[in-house]
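# Structural characterization, general
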Amino acid sequence: PGPLGIDLSGPPVLGERVFVGELAVVVGGVEVGSDVYIGANTTVTKSVPANHFVFGDNIFIPSADWSELKRLARIADVSALDLARVQYSQKEEISK
């Protein structure tokens, strides 16, 4: 492992239909599943399961939850990303 315990061995492996936003970074050794959206300015240092949105520093949101987050954000008059940070940034493991 490289600095901070990040696996830098080899290039990242991207699944099918992966969108990588502007200025996003996916470090070597990371595997990204299919149907993943990586937001702009995101840093991905951990493997991402299929069907997830990724924002910030490894904030993973299951695709099925994204619509509900957007709906709740509209009701609370906050951004969906801010709501996601609160709900998902403390999770160490991602439930599938």
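Now for a quick tour of the structure. (Residues numbered from 1 in each chain as written. Predicted model: local features only at pLDDT ≥ 70, side-chain atom pairs only at ≥ 80, totals over all residues. Heavy atoms only, no water.)

## Brief notes about the overall build of the protein
Helix and strand content of the protein: two helices and eight strands. Listing each helix as α and each strand as β along the protein from the N terminus yields β-β-β-β-β-β-β-β-α-α. Sorting the 96 residues of the protein into buried and exposed places 32% on the buried side. In the protein, the share of contacts with a sequence separation of at least 24, taken over all contacts with a separation of at least 6, comes to 11%. (Helix = DSSP H or I, 4+ residues; strand = E, 2+ residues; numbered from the N terminus. Buried < 20%, exposed > 50% of the residue type's maximum accessible area, 1.4 Å probe, protein only. Contact = heavy atoms within 4.5 Å.)

## Focus on the environment of Val36
Mapping Val36 onto the fold places it in the loop between strand S4 (31-32) and strand S5 (37-38). Sequence separation between Val36 and Gly15 is 21 residues; the distance between their C-alpha atoms is 8.1 Å. Setting aside residues up to four positions removed in sequence, Val36 forms contacts with Arg17, Val18, Phe19, Val48, Pro49, Ala50, Asn51, His52 and Val54.

## Structural notes on the pattern of salt bridges
Inspection of every chain in the model, using the stated rule, returns two salt bridges. One salt bridge in this structure joins Arg17 and Glu16, with 3.1 Å as the shortest N-O distance. Across this residue pair, the class does not change: Arg17 and Glu16 are exposed. Asp35 is paired through a salt bridge with Arg17; the nearest N and O atoms lie 2.6 Å apart. Of this pair, Asp35 sits in the loop between S4 and S5 while Arg17 sits in the loop between strand S1 (13-14) and strand S2 (19-20), placing them 18 residues apart in sequence. We classify Asp35 as partly exposed; its relative accessible area is 30%. Within the structure, one salt-bridge network assembled from shared partners comprises Glu16, Arg17 and Asp35. (Salt bridge = Lys/Arg side-chain N within 4 Å of Asp/Glu carboxyl O.)

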